[in-house]
Amino acid sequence: MVTLYGVLHSRATRTIWLLDELDMRYDLKPVIQAYRLEAQGLDPLAPDAPLNTRSPEFLRLSPAGAIPVIEDEGLLLSESLAINLYLAKKAGGPLAPKDVREEALMTQWALYGATSIEDAALEIMFAYVNGADEGGQRVIEAASDRLRRPFAVLETHLKAHSHMVGGRFTVADINIAEVVRYAQGHKPLMTEFPRVASWLEHCQARPAFKKMWATRLAETA
Ligand SMILES: N[C@@H](CCC(=O)N[C@@H](CS)C(=O)NCC(=O)O)C(=O)O
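Residues numbered from 1 in each chain as written. Predicted model: local features only at pLDDT ≥ 70, side-chain atom pairs only at ≥ 80, totals over all residues. Heavy atoms only, no water.

The name given to the chain in an unreviewed UniProt entry is Glutathione S-transferase, with the source organism recorded as Pseudothioclava arenosa.

Encoded structure:
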């Protein structure tokens, strides 16, 4: 069985969504971000601290000190988008690439999401989490400016294609949806890209996303 280290308030969401889509059993071992403990005034290295991204035991699994990480039959793997591509390929079926060309396209979109979208989208999400005050609004505007070009790429792609790859819902949709989601709270940006917005809503209407989201909302840590 796959062991997944992480919490739902992290990029582990994308792997949990995929695991449920694949109906793959997994064991979730909670590992919280060290910075979240510090924000609560706790020392991540205190003997009674919960397992966190700076715990020596966790750093043995993830030298980068980042969640999510999976352990599967002796394979230790980090980087959420790579984890998802691996799990989809291992499971096979419609979410996986059907050939090397689809695999190449799925890799292309995962890298595009990570390098051209994720950072700016996260800035928007954190600005809203922190109350979107005047400084936050400036961050949101600057991040939106950086996202207009990659979102236009997605918009053009989704005008011609129902999904990211292969004309069906795949791991590529999960990987891009989970990166775009960070900017979803900024409605003025999303309304500029109606195809992206409707594709995202369609992805998020899937039972596996809803299950993951309900679990995330219930997470106390
Ligand atoms: N590119 C990595 C990023 C992993 C990452 O930064 N994870 C955050 C949580 S979403 C983390 O563990 N931060 C640890 C910390 O800052 O202590 C991935 O996609 O897995």
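Don't stop here, the text continues.
Asks: So, the overall build of the chain: which residues are in play, and what are the values?
Replies: When its secondary structure is counted, the chain shows 10 helices and four strands. Beginning at the N terminus, the succession of helices and strands in the chain can be written as β-α-β-α-α-β-β-α-α-α-α-α-α-α. For 221 residues, the compact-globule formula gives about 17 Å, and the C-alpha radius of gyration of the chain, at 18 Å, lands near that figure. If one aligns the C-alpha atoms of the chain with their principal axes, the spans along those axes are about 55 × 45 × 30 Å. Relative to its 221 residues, the chain shows a buried fraction of 48%. Element-wise, carbon and sulfur atoms account for 56% of the exposed surface of the chain, whose accessible area totals about 11,000 Å². (Helix = DSSP H or I, 4+ residues; strand = E, 2+ residues; numbered from the N terminus. Rg over C-alpha atoms; globule rule 2.2 N^0.38 Å. Buried < 20%, exposed > 50% of the residue type's maximum accessible area, 1.4 Å probe, protein only. Areas by Shrake-Rupley, 256 points an atom, 1.4 Å probe, with all protein chains shown as cover.)

Asks: Residues and numbers for the site of the ligand, please.
Replies: Taken together, Ser10, Arg11, Gln33, Ala34, Tyr35, Thr53, Gly65, Ala66, Ile67, Pro68, Glu79 and Ser80 are the residues near the ligand. Separating an oxygen atom of the ligand from a side-chain N or O atom of Thr53 is a distance of 2.7 Å. Contacts to the ligand include Glu79, whose side-chain N or O atom sits 2.7 Å from a nitrogen atom. In this structure the site holding the ligand corresponds to the largest pocket. Classifying every residue of the shell around the ligand by side-chain character gives five nonpolar, five polar and two charged. (Near = heavy atom within 4 Å. Polar contact = N/O pair within 3.5 Å; in protein donor to acceptor, adjacent residues only side chain to side chain. 1 Å grid on protein atoms, 1.4 Å probe; cavity = no way out; pocket = protein on both sides within 12 Å on 5 of 7 lines; lining within 4 Å. Sits in = over half its atoms within 2 Å of the grid points. Nonpolar A, V, L, I, M, F, W, Y, C, P; charged D, E, K, R; others polar.)

Asks: Describe the layout of surface pockets, and please don't skip the residues or the numbers.
Replies: What the largest pocket holds in volume is close to 480 Å³. Lining the largest pocket are 21 residues, with His9, Ser10, Gln33, Tyr35 and Phe126 positioned closest to its centre. Sorting the residues of the lining of the largest pocket by element identifies helix H2 (34-39) and helix H5 (100-129) as the ones contributing at least two each. With four residues, H5 is the largest single contributor of residues to the lining of the largest pocket. When residues of the lining of the largest pocket are assigned to domains, at least three fall in each of domain 1 (2-94) and domain 2 (100-208). (Points joined across faces, edges and corners; volume = space filled by probe spheres on them. Domains from an automatic or database assignment.)

Asks: Describe the side chain of Thr53, naming the residues involved and giving the relevant values.
Replies: Within the element layout of this structure, Thr53 appears in the loop between H2 and helix H3 (56-61). For Thr53, a relative accessible area of 9% corresponds to the buried category. At a separation of 2.8 Å, a polar atom in the side chain of Thr53 contacts the main-chain amide nitrogen of Ala34. Sequence-distant contacts of Thr53, that is, excluding residues within four places in its chain, are made with Val31, Ile32, Gln33, Ala34, Phe58, Leu59, Gly65, Ala66 and Ile67. (Contact = heavy atoms within 4.5 Å.)

Asks: Explain the packing of aromatic side chains to me, using residue names and the numbers behind them.
Replies: For the structure shown, the criterion picks out five aromatic pairs. Consider the rings of Trp17 and Phe169, whose centres lie 6.2 Å apart with planes at 35°: the pair is tilted. In this pair, Trp17 sits in helix H1 (residues 12-21) while Phe169 sits in the loop between helix H6 (134-160) and helix H7 (171-180), placing the two residues 152 residues apart along the sequence. On the basis of relative accessibility, which here comes to 9%, the residue Phe169 falls in the buried class. With 5.7 Å between their ring centres and 85° between their planes, Phe151 and Phe193 make a pair best called edge-to-face. On the criterion of sequence distance, the pair formed by Phe151 in helix H6 and Phe193 in the loop between helix H8 (187-192) and helix H9 (194-204) is long-range, its members being 42 residues apart. Residue classification places Phe151 among the buried residues on the basis of a relative accessible area of 0%. (Phe/Tyr/Trp six-rings, centres within 6.5 Å; stacked < 30°, edge-to-face > 60°.)

Asks: Tell me about the sheet that holds strand E3 (residues 69-72), residues and numbers included.
Replies: Ordered in space as E2-E1-E3-E4, the four strands form an open sheet in which the pairing is mixed. Every other strand in the sheet has two partners, leaving strand E2 (26-29) and strand E4 (75-78) as the edge strands with one partner each. Here the average twist between neighbouring strands, direction ignored, is 20°. As judged from the four bridges shared by E3 and E4, these two strands associate in the antiparallel manner. For Ile70, the partnering residue across the bridge sits in E4 and is Leu77. Its contacts with the sheet put H1 on strand E1 (2-5), E2 and E3, and the angle it makes with E2 is roughly 160°. The sheet contacts of helix H4 (residues 80-91) involve E1, E3 and E4, and relative to E4 the element is tilted by about 135°. (Pairing = 2+ DSSP bridges. Axes fitted to C-alpha atoms, helices over the stretch in contact; angles between N-to-C directions.)

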